[in-house]
Amino acid sequence: MAERRGPCGIGGFGPAGSTGGARAGSSLATGAEPEARARSFGGPANSRWLRLGAMEELDGEPTVTLIPGVNSSKKQMCFDWGPGEMLVCETSFNKKEKSETVPGCPVIYIIRKDVDVYSQILRKLFNESHGIFVGLQRIEEELTGKSRKAQLVRVSKNYRSVIRACMEEMHQVAIAAKDPACSRQFSSQVSILSAMELIWNLCEILFIEVAPAGPLLLHLLDWVRLHVCEVDNLLADVLGSENPRKHESFWKLVTILVLQGRLDEARQMLSKEADSSPTSAGMCRILGDLMRTMPVLSPGTTQTLTELELKWQHWHEECERHLQDGTFASSPHLESLCKIMLGDEAALLEQKELLNNWYHFLVTRLLYSHPTVKPIDLHFYAQSSLDLFLGGESSPEPLDNILMAAFEFDIHQVIKECSIALSNWWFVAHLTDLLDHCKLLQSHNLYFGSNMREFLLLEYASGLFAHHRPSRLSSSELCSLWQLGVDYFDYCPELGRVSLELHIERIPLSTEQKALKVLRICEQRQMTEQVRSICKILAMKAVRNNRLGSALSWSIRAKDAAFATLVSDRFLRDYCERGCFSDLDLIDNLGPAMMLSDRLTFLGKYREFHRLYGEKRFVDAASLLLSLMTSQIAPRSFWMTLLTDALPLLEQKQVIFSAEQTYELMRCLEDLTSGRPVHGEPDAQRLQDDDIETTKVEMLRLALARNLARAIIKEGSLEGS
Amino acid sequence: MEEIYAKFVSQKISKTRWRPVPAGSLQTADTFATGSWDNEENRVSLWSIGDFGNLDSDGGFEGDHQLLCDIKHHGDVMDLQFFDQERIVAASSTGSVTLFLHHPNNQTLSVGQQWTAAHYHTSPGSLSCRSAPCTGVVCSNPEIVTVGEDGRINLFRADHKEAVRTIDNADSSTLHAVTFLRTPEILTVNSIGQLKIWDFRQQGNEPSQILSLTGDRVPLHCVDRHPNQQHVVATGGQDGMLSIWDVRQGTMPVSLLKAHEAEMWEVHFHPSNPDHLFTCSEDGSLWHWDASTDAPEKSSLFHEGRSSIFLFHSISNQANVHQSVISSWLSTDPAKDRIEITSLLPNRTLSVNSLDVLGPCLVCGTDAEAIYVTRQLFS
């Protein structure tokens, strides 16, 4: 999904300095010529970060992103700003003009900040790291001191192992890819991931592990060995050959081993050389002894730093003496190795090719000249190493700046630079969160929103939600990571809840099952407003689909009285039209939910009347019917129907309504007829309706009068008997 | 439960199903199918846990399951069932039902038969139909029964293009799941806490029996029938409760067991060892319920995971029921009968949407895009 043509705007405001706003990255073009330029306001930009040139000052001019096919002079553009991505669509408001200028279908461009990060493999990174993140938040606050530190280091290592796993899988895919462009893209992602891991590892050593002088160097050595790993292949290659000593890369290998401080292995290689060439055997033995006797800090011993420094000084002088004496003068290879072991800068810089990068140079230099470097002095050596290594030939790249900031123990600078250089928020959000758990970021508050940790987590989580949005518009691997985002919002104390509320309502509810999942999220967090709105959406949908039972269920769940009334009215209307109830399984089992709204109560009770009538329990049915009217539960408009329902009861052989009840019924009828509004111009239809109505009323009056007569007689005779 | 393997698969898994092993064979389960949901492009996939000849250092098999083949599926996979060894039926959120064929020779999947718009809504005013998600499917060769959000029940035959029988408006609310009670009777559960029994021999649109949870009408999401005692039925509800029903008597569940903290998405009796029951839930947990009465050393067997003992809470006193064989799930003596519950997943994640058990093997799929497999359920 990378851009097809044209340069790609990168940079702009970093998150630490901006108040949010959409970010732009590579443009997603499908045809059309580049015509105009659109300005984009960027945050973490595109992935080609290793190739980025010198970063400008953060608060410089926003960079320009080229969008093909846009003619700004014709003002054909409209923007839609999403929370995680900027949507640019090319439109022409004048339809006529459009048909002339842009034949064919209109094209929509989506500018997305992190297009190439949304791959299948990185979904694993997001999902796996989510588990680690949640685990980290639950780390007991009580844990203090060593156990807490150990836990945090373990968490950090877990994050790194997930990055590494992704990197390896991406590497496999890159190798397997048939299309070279595709393969290149994967490879570039591998390099991004590898850089992420490199930075993370350094931060782990410096900020989380907080290694003191001595162990610090051991950690840094491990760090370099882990990331400059071509040597292992070379080692296997050389040892696997018939005569390792004659292998063309033999000396290269030995040099690398020495540069990485892997002296035991280097010594073994030298012994091979000694065995086969008697002339240099002596020299090899001496150099091997020097390698063996180099004092190193072994963890677990009670050796003090001063002791180590003293021993090291002796050893250094011994090396120096051998060089002065010209012990290795006859073998340039061995002599240069000895110079390296003396920390000779010129000799080290000769091996620039093998060192690969300045931080390797830094670590090797420290190993052989300042093995007990203090953390506080690191930045001084780092800066000079960088300067020496680049030698003014090239300027530092973003990665160099980030590492340098780390060596300077400037955490905020590290995060800031990473935000600019990396293509998504995953890295900075997780790293910042971890560092915050190490209590390293407390003092830093932003002048907007909340603190930096929360700001970055919010950005990341919003991205996970935004993921979902334009699924129809983009062909990229859009997916559905919104469920992960919820947990990140949960751990943002200040603005997390508000953000979640805003995002959760925008999740498309394609099936009820998905809706239930969203509802569960809201209910667990007592987000009543959102619960109501989701239930309402579902109830509306059900009504549109003519699923009144479902609609009623949803409005009961939302405790939405108004909507329950609306649905009940629909039920009653359907009844009036068809003469029978639908969805009896629901209405008969309403239970206490019936009390939600008066109309629903009426619906349930009215249905109960029908059931009683059906079961021929006429007396109960009659009193229920009457009570529906006298208690005002029944809507006025429905009274006539109820009175009509009373007709067959009035006409039964035995007397059902007592005289008292009949009086009540008559009062209801009179209330209804007297309260009738006077219509204006009567038309033919209304006249006819009125006619039917009048007949009905007449019939009712007759039936009521007859029933009253019978009831009086019956009651009178009962009293008399 | 020491050997539970997780694999992240970059898609949210909605359903997992073991391929049935041929009757009478001694084979153990080695292939399962999964369906995904909520992705841009959903898939039905077949996975193998079979040994590819690669024994690891401990002499055991490599735990990772490998993708055999997959095929695009239009819409979310709402339910998935093996029709037979080679055929899989998938229910879609688009309302269609698809029968996929697996070709073992070249490891591919293809569409065998499709019933589009099996489930749909009719709008009040217009004649146009809107598709409705199909929520559940159950197969009993040659019949396929589907239920949906439209409250409709369809009966298909694999070789018929049209539905053999359709019950429109079978339910006023959403039907969530379906299972066979005994052919030709089926059981459905709905979103207002009812369990309905339908008999295809009867004409008309009425169920032959309705059982329901009293009171608060908690939606039921899943249902399974005891493999040997066909009157014993388990259902799982929105509140995470497990209900055990005896469909021969009463209209209420025999027992209600407090279980998960959120929706119980699936419940399964172990097909050959039905004293064991498995449930999974939206709260991210997967539980093993052991009701076998003759296991004095159970707690030592399940040393891993949190073990807790729950008592039956009988809500209907049926002490006088005479039964020759009393199922351990129906007995109502709280003092004697205990159920051992073991949590099978190491740490809570996102929702566990589906599980399936066959022999000693269990597979489950989650919203955290991971599939978990274990092959030593009872070890």
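Rules and cut-offs
- Residues numbered from 1 in each chain as written.
- Chains lettered and ligands numbered in written order.
- Predicted model: local features only at pLDDT ≥ 70, side-chain atom pairs only at ≥ 80, totals over all residues.
- Heavy atoms only, no water.
- Helix = DSSP H or I, 4+ residues; strand = E, 2+ residues; numbered from the N terminus.
- Buried < 20%, exposed > 50% of the residue type's maximum accessible area, 1.4 Å probe, protein only.
- Areas by Shrake-Rupley, 256 points an atom, 1.4 Å probe, with all protein chains shown as cover.
- Expected span 1.5 Å × (residues − 1).
- Contact = heavy atoms within 4.5 Å.
- Pairing = 2+ DSSP bridges.
- Axes fitted to C-alpha atoms, helices over the stretch in contact; angles between N-to-C directions.
- Parallel < 35°, antiparallel > 145°, perpendicular 65-115°, else oblique.
- Left-handed = near helix turned anticlockwise from the far one by under 90°.
- Nonpolar A, V, L, I, M, F, W, Y, C, P; charged D, E, K, R; others polar.
- Core = buried A, V, L, I, M, F, W, Y, C linked by side-chain atoms within 4.5 Å.
- Phe/Tyr/Trp six-rings, centres within 6.5 Å; stacked < 30°, edge-to-face > 60°.
- Lys NZ or Arg CZ within 6 Å of the ring centre and 35° of its normal.
- pLDDT = per-residue confidence, 0-100.
- Salt bridge = Lys/Arg side-chain N within 4 Å of Asp/Glu carboxyl O.
- Polar contact = N/O pair within 3.5 Å; in protein donor to acceptor, adjacent residues only side chain to side chain.
- Buried area = accessible area lost by both parts, 1.4 Å probe.
- Patch = residues over 30% accessible without salt bridge, like charges linked within 9 Å, V, L, I, M, F, W, Y side chains within 5 Å.

## Examining the overall build of chain A
Helix and strand content of chain A: 31 helices and six strands. Across the 721 residues of chain A, 52% fall into the buried class. In the structure as shown, chain A presents an accessible area of about 33,200 Å², 53% of it carried by carbon and sulfur atoms.

## Here we look at helix α9 (residues 278–293) of chain A
A turn of α-helix holds 3.6 residues, and therefore any two residues three or four places apart point the same way. Residue and element names in this part refer to chain A. Taking 1.5 Å per residue as the helical rise, α9 with its 16 residues ought to reach 22 Å, and the 23 Å between its terminal C-alpha atoms agrees with that figure. Regarding α9, the residues found buried are Ser 280, Met 283, Cys 284, Leu 287, Gly 288, Leu 290 and Met 291. Taken together, the buried residues of α9 touch α7 (250–259), α8 (263–276), α10 (305–325) and α11 (332–341).

## Some points on the sheet that holds strand β3 (residues 31–36) of chain B
Residues and elements named next belong to chain B. Read across the open sheet, the four strands follow the order β2-β3-β4-β5; overall the sheet is antiparallel. Both outer strands of the open sheet, β2 (13–18) and β5 (66–73), are each paired with one neighbouring strand and no more. The mean inter-strand angle of the sheet, taken between neighbouring strand axes irrespective of direction, is 20°. Note that strand β4 (residues 42–48) and β5 share seven bridges and pair antiparallel. The residue of β5 that forms the bridge with Val 44 is Ile 71.

## So, the packing of helix α28 (residues 618–630) of chain A against helix α29 (residues 636–650) of chain A
The description of two helices packed together rests on the angle between their axes and the distance between the axes. Residue and element names in this part refer to chain A. Close contact between α28 and α29 brings their axes to 10 Å; oriented N to C, the two are set at 160°. Taken together, the axes of α28 and α29 are roughly antiparallel relative to one another. Here α28 runs over α29; the crossing is left-handed. In contact with Phe 618, Ala 622, Leu 625, Leu 628 and Met 629 of α28, α29 contributes Trp 639, Leu 642, Leu 643, Asp 645, Ala 646 and Leu 649. The residue makeup of the contact of α28 with α29, split by class, is 10 nonpolar, no polar and one charged.

## Observations regarding the sheet that holds strand β15 (residues 165–167) of chain B
Residues and elements named next belong to chain B. Read from one edge of the open sheet, four strands run β12-β13-β14-β15, paired in antiparallel fashion. On the outer flanks of this sheet lie β12 (134–140) and β15, each paired with one strand and no other. The average angle at which neighbouring strand axes cross in this sheet is 15°, direction not considered. As paired elements, β12 and strand β13 (residues 143–148) share six bridges and run antiparallel to each other. Considered in β13, the bridge of Val 137 is made with Thr 146.

## A closer look at the pairing of strand β22 (residues 242–246) of chain B
Residues and elements named next belong to chain B. Most of β22 sits out of view: five of its five residues are buried. Judged by which residues are buried, β22 turns out to be covered on both faces: Leu 242, Ile 244 and Asp 246 on one side and Ser 243 and Trp 245 on the other are all buried. As judged from the five bridges shared by strand β21 (residues 232–237) and β22, these two strands associate in the antiparallel manner. By the bridge assignment, Val 232 is partnered in β22 with Asp 246.

## Points about the nonpolar core
Counting 221 residues, the largest nonpolar core has Trp223(A) and Phe407(A) as its most contacted members. Among the elements that line this core, the one with the most residues is helix α4 (residues 180–208) of chain A, at 15 residues. Not counting the four nearest positions on each side in its chain, Phe407(A) is found in contact with Leu202(A), Leu206(A), Leu220(A), Trp223(A), Trp358(A), Leu362(A), Leu378(A), His379(A) and Ala382(A). Core analysis: the next-biggest nonpolar cluster, separate from the first, contains 19 residues, Cys222(B), Ile244(B), Phe269(B) and Trp289(B) among them.

## Section: the packing of aromatic side chains
The description of an aromatic ring pair rests on the distance of the ring centres and on the angle between the ring planes. Inspection of the entire model under this criterion finds 29 aromatic pairs over all chains. Ring geometry for Trp223(A) versus Phe407(A): centroids 6.2 Å apart, planes at 80°, classification edge-to-face. Here the residue Trp223(A) occupies a position in helix α5 (residues 215–227), and Phe407(A) occupies one in helix α16 (residues 398–407), the gap between them amounting to 184 residues. Owing to a relative accessible area of 0%, Phe407(A) belongs among the buried residues under this scheme. Grouping aromatic residues by their ring pairs yields a cluster made of Tyr575(A), Phe602(A), Tyr606(A), Phe609(A), Tyr613(A), Phe618(A) and Phe638(A). Looking at Arg636(A), its charged tip hangs above the ring of Trp639(A), at a distance of 4.7 Å from the centre. Directly above the aromatic system of Trp37(B) lies the positively charged group of Lys12(B), at a separation of 4.7 Å from the ring centroid.

## Things to note about the confidence of the model for chain B
In low-pLDDT regions, the fine details of the predicted coordinates are not to be read closely. Per-residue pLDDT for chain B has a mean of 83; in total, 83% of the residues score no lower than 70. Counted against residues more than four places away or in other chains, residues 52–61 of chain B, with its pLDDT under 50, gives 10 contacts.

## Overview of the pattern of salt bridges
Residues and elements named next belong to chain A. Inspection of every chain in the model, using the stated rule, returns 51 salt bridges over all chains. The closest approach of N and O atoms between Arg 607 and Asp 588, which form a salt bridge, is 2.7 Å. In this pair, Arg 607 sits in helix α27 (residues 598–614) while Asp 588 sits in the loop between α26 (584–587) and α27, placing the two residues 19 residues apart along the sequence. Given the relative accessible area of 13%, Arg 607 is considered buried.

## Considerations on the side chain of Asp171(B)
Its location among the elements puts Asp171(B) in the loop between β15 and β16 (175–182). Given the relative accessible area of 1%, Asp171(B) is considered buried. At 2.8 Å, the side chain of Asp171(B) and the side chain of Asn190(B) are in polar contact. Apart from residues no more than four positions distant in its own chain, Asp171(B) is found in contact with Arg547(A), Asp585(A), Gly151(B), Asn190(B) and Lys196(B).

## What about the environment of Ala347(A)?
All names here are of chain A. Within the secondary structure, Ala 347 is located in helix α12 (residues 345–350). Ala 347 gets classed as buried once you look at its relative accessible area, which sits at 5%. C-alpha of Ala 347 to C-alpha of Ser 336: the two residues are 11 residues apart in sequence and 6.5 Å apart in space. Leaving out residues up to four positions away in the same chain, Ala 347 has contacts with Lys 339 and Ile 340.

## Description of the packing of helix α19 (residues 452–466) of chain A against helix α20 (residues 482–490) of chain A
Residue and element names in this part refer to chain A. Between α19 and α20, whose axes approach to 8 Å, the crossing angle comes to 160°. The pairing of α19 with α20 is recorded here as roughly antiparallel in orientation. Of the two possible hands of crossing, α19 and α20 adopt the one that is left-handed. Listed contacts from α20 to Leu 457, Leu 458, Tyr 460, Ala 461, Ser 462, Leu 464 and Phe 465 of α19 are Trp 482, Leu 484, Gly 485, Val 486, Tyr 488 and Phe 489. Of the residues assigned to the contact of α19 with α20, the class counts are 11 nonpolar, two polar and no charged.

## Looking at the interface of chain B and chain A
Every contact between the two is made by 45 residues of chain B and, on the other side, 44 residues of chain A. Together, the buried faces of chain B and chain A total about 3,600 Å²; carbon and sulfur atoms form 42% of this surface. In this structure, the connection of chain B to chain A is made through five salt bridges. Ionic pairing is found between Arg123(A) and Glu369(B), a salt bridge with its closest N-O pair at 2.3 Å. Along the contact surface separating chain B from chain A lie 26 residue pairs in polar contact (both at pLDDT 80 or more). Looking at the side of chain B that touches chain A, the elements with two or more residues in it are β10 (120–122) and β18 (194–199) of chain B.

## Digging into the environment of Ala558(A)
Residues and elements named next belong to chain A. Position of Ala 558 among the secondary structure elements: in the loop between α24 (548–557) and α25 (561–578). Sequence separation of Ala 558 and Ile 534 is 24 residues, and the distance between their C-alpha atoms is 8.4 Å. Setting aside residues up to four positions removed in sequence, Ala 558 forms contacts with Arg 532 and Cys 535.

## Topic: helix α18 (residues 426–437) of chain A
Residues and elements named next belong to chain A. With 12 residues, α18 extends 17 Å between its outermost C-alpha atoms, agreeing within 8% with the 16 Å of an ideal straight helix rising 1.5 Å per residue. Of all 12 residues in α18, 12 are buried, a share of seventy percent or more. Turning to α18, its buried residues number three or more, namely Trp 426, Phe 427, Val 428, Ala 429, His 430, Leu 431, Thr 432, Asp 433, Leu 434, Leu 435, Asp 436 and His 437. A positive phi of about 60° marks Lys 439, the residue just after α18.

## What about a nonpolar patch on the surface?
A contiguous nonpolar patch, built from Leu495(A), Val498(A) and Leu502(A) and spanning about 240 Å² of accessible area, is present on the exposed surface. As for its position among the elements, Leu502(A) is in helix α21 (residues 496–504).

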